[in-house]
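Each chain, letter by letter, is given below.
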Amino acid sequence: MNSGFSLKALIISIVVGTIIIIFFSWASGNQFDTSLFPVLAMLTGFIITGFTIAIISKGITIIEPALGSIIVAGITYFILPSLQIKGFTEITQDSDWIIILMNGVVLTFLGAWLGEMFQHGEIVKEESSSISFNWGWVFAGTVFGILICMIISIIVNLIFGIEPLYFIIPFFAGLFFTGIMVGLKSPGITIMEAGLAGFLTITILTSIVRLTLVTEIEYEYIFGGLILGYIVSMLGGFAGEKIQSGKEKKTN
């Protein structure tokens, strides 16, 4: 497998990553008085940067995410504080920005790993009819689910404003789409991976909502969200398996 350096992937990822990170930071930062959710939105942009590098480049990508994340972090360090976005006003120390951006560099590699999973994790015909379980796809589905839900949440908040009820839409839409992608891309019959990825995703996202939007979540909503999230992800995985089977029939 080719592991050569891709200048094209690096340049595109820097441009795309910088635009997305600045936009996500601005879109969420103007909606919140505290920095937690805007920082999470910004870090989501770094994951997208790594994901973009892995999808565009051929073979294994190591150097590109490293250089891309450092360059994007440097650009963000100089641009973002100067915009004086409301959600970031409590971040006053340069060292805090450096720590946040260091985490962004780490998450870029996570995004690159996710991109590699989606690029090179195509189905294997000999295994496509067997039931299998792969923790790699559970974690990939969890990262992808959080990524999709964060993107949809940022867009919904930008259009409708801060309303906890509206988070239901990105939660379940993201979980269903995550299930489809896991079922479609992973080898074998992997509906269980999709369901477990949904469970982990809804757990993490519920924690984010609790810390950023509401002072209390009733336990009925917590358990209901976990159960429904698992079911929606399983349904998405089932749909992905059906799409995968349809593709196999066309190629045979």
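All of the points below concern the structure found in this document.

Cut-offs applied
Each chain carries its own residue numbering, running from 1 in the written order of its sequence. For this predicted model, a pLDDT threshold of at least 70 governs which residues receive local features, and a threshold of 80 or more governs which side-chain atom pairs are given and counted, while totals over whole chains, interfaces and linings are taken from all residues. Side-chain metrics in this entry use all non-hydrogen atoms of the structure; hydrogen atoms and water are not considered. The criterion is simple. A nonpolar core is a set of buried Ala, Val, Leu, Ile, Met, Phe, Trp, Tyr and Cys residues joined through side-chain atoms within 4.5 Å. The cut-offs for exposure are 20% and 50% of the maximum accessible area for each residue type, with area from a 1.4 Å probe on protein chains only; residues under the lower value are buried, those over the upper are exposed, and the others partly exposed. Secondary structure elements follow DSSP: runs of H or I of four or more residues count as helices, runs of E of two or more count as strands, with numbering from the N terminus. In this description, contact between two residues means that some pair of their heavy atoms is separated by no more than 4.5 Å. Candidates for patches are residues over 30% relative accessible area with no salt bridge; among them, like charges are joined within 9 Å and nonpolar side chains (Val, Leu, Ile, Met, Phe, Trp, Tyr) within 5 Å. In this description, accessible areas are obtained by the Shrake-Rupley approach with a 1.4 Å probe, and a residue is regarded as covered only by the protein chains that are shown. Should a side-chain nitrogen of Lys or Arg be within 4 Å of a carboxyl oxygen of Asp or Glu, the pair is scored as a salt bridge. Expected span of a helix: the number of residues minus one, times 1.5 Å. Pairs of N or O atoms are called polar contacts if they sit within 3.5 Å, as long as, within protein, a hydrogen donor faces a hydrogen acceptor (for residues adjacent in sequence, only side-chain-to-side-chain pairs). Orientation is described by axes fitted as lines to C-alpha atoms, over the contacting stretch for helices, and by angles from 0 to 180 degrees between their N-to-C directions. We call a crossing left-handed when the near helix sits turned anticlockwise from the far one by less than a right angle, and right-handed when that turn is clockwise. Residues are grouped as follows: Ala, Val, Leu, Ile, Met, Phe, Trp, Tyr, Cys and Pro are nonpolar; Asp, Glu, Lys and Arg are charged; every other residue, Gly included, is polar. Oblique is the label for any angle not under 35 degrees, not over 145, and not in the 65 to 115 range, which are roughly parallel, roughly antiparallel and roughly perpendicular in turn.

1. What to know about the nonpolar core
Reasoning step 1: Core analysis: the biggest nonpolar cluster contains 33 residues, and Leu114 and Phe118 have the highest contact counts within it.
Reasoning step 2: Breaking this core down by element, the ones donating at least two residues are α1 (7-29), α2 (36-56), α4 (94-120), α5 (135-160), α6 (168-185), α7 (191-212) and α8 (219-251).
Reasoning step 3: At 10 residues, α5 tops the list of elements feeding residues into this core.
Reasoning step 4: Apart from residues no more than four positions distant in its own chain, Leu114 is found in contact with Phe51, Ala140, Val143, Phe144 and Leu147.
Reasoning step 5: Core analysis: the next-biggest nonpolar cluster, separate from the first, contains 17 residues, Val72, Leu80, Phe88 and Ile100 among them.

2. A few points about the environment of Gly195
Reasoning step 1: Relative to the helices and strands, Gly195 is located in helix α7.
Reasoning step 2: Using a relative accessible area of 0% as the deciding quantity, one classes Gly195 as buried.
Reasoning step 3: Once the C-alpha coordinates of Gly195 and Leu175 are considered, the two residues, 20 residues apart in sequence, prove to be 9.1 Å apart.
Reasoning step 4: When neighbours within four sequence positions are excluded, Gly195 is seen to be in contact with Tyr230, Ser233 and Met234.

3. A short note on unusual backbone geometry
Reasoning step 1: Even without being glycine, Gln84 reaches a positive phi, approximately 50°.
Reasoning step 2: With respect to the helices, strands and loops of the structure, Gln84 is situated in the loop between α3 (63-79) and α4.

4. A closer look at a nonpolar patch on the surface
Reasoning step 1: On the surface, Phe5, Leu7, Ile11, Val15, Ile19, Ile63, Leu67 and Ile71 cluster together into a nonpolar patch covering about 710 Å² of accessible area.
Reasoning step 2: Mapped onto the nonpolar patch, the elements with two or more residues apiece are α1 and α3.
Reasoning step 3: Counting residues per element, the nonpolar patch draws most heavily on α1, which supplies 4 residues.
Reasoning step 4: You can see Leu7 is positioned in helix α1.

5. Looking at α6
Reasoning step 1: Taking 1.5 Å per residue as the helical rise, α6 with its 18 residues ought to reach 26 Å, and the 26 Å between its terminal C-alpha atoms agrees with that figure.
Reasoning step 2: Residues of α6 that are buried: Pro170, Phe171, Gly174, Leu175, Thr178, Gly179, Ile180, Met181, Val182, Gly183, Leu184 and Lys185.

6. What to know about the side chain of Ser35
Reasoning step 1: One can find Ser35 in the loop between α1 and α2.
Reasoning step 2: Reaching out from Ser35, the side chain makes a polar contact with the side chain of Glu90 at a distance of 2.6 Å.
Reasoning step 3: Excluding residues that lie within four positions of it along the chain, Ser35 makes contacts with Gly87, Glu90 and Ile91.

7. Looking at the environment of Gly183
Reasoning step 1: Structurally, Gly183 can be placed in helix α6.
Reasoning step 2: C-alpha separation for the pair Gly183 and Lys242, spaced 59 residues apart in sequence, amounts to 8.4 Å.

8. A few points about the environment of Ala27
Reasoning step 1: Take Ala27: it is sitting in helix α1.
Reasoning step 2: The residues contacting Ala27, other than those within four sequence positions of it, are Ile154 and Leu158.

9. Here we look at the packing of α2 against α3
Reasoning step 1: The geometry of α2 relative to α3 is characterised by a closest axis approach of 10 Å and an angle of 145° between their N-to-C directions. You can see that α2 and α3 cross each other, and the crossing is right-handed. Of the residues in α3, those touching α2 at Met42, Phe46, Thr49 and Ile53 are Glu64, Pro65, Ser69, Val72, Ala73 and Thr76.
Reasoning step 2: Taken together, the residues that form the contact of α2 with α3 break down as 6 nonpolar, 3 polar and 1 charged.

10. Quick notes on the packing of α1 against α2
Reasoning step 1: Where α1 meets α2, the axes come as close as 8 Å, and the angle between the chain directions of the two elements is 160°. One finds that α1 runs roughly antiparallel with respect to α2. The way α1 lies across α2 gives a crossing that is right-handed. Residues Ala9, Ile12, Ser13, Val16, Gly17, Ile20, Ile21, Phe24, Ser25, Ser28 and Gly29 of α1 form the contact with α2, whose own contacting residues are Phe37, Pro38, Ala41, Met42, Thr44, Gly45, Phe46, Ile48, Thr49, Thr52, Ile53 and Ile56.
Reasoning step 2: Residues that form the contact of α1 with α2 fall into these classes: 14 nonpolar, 9 polar and no charged.

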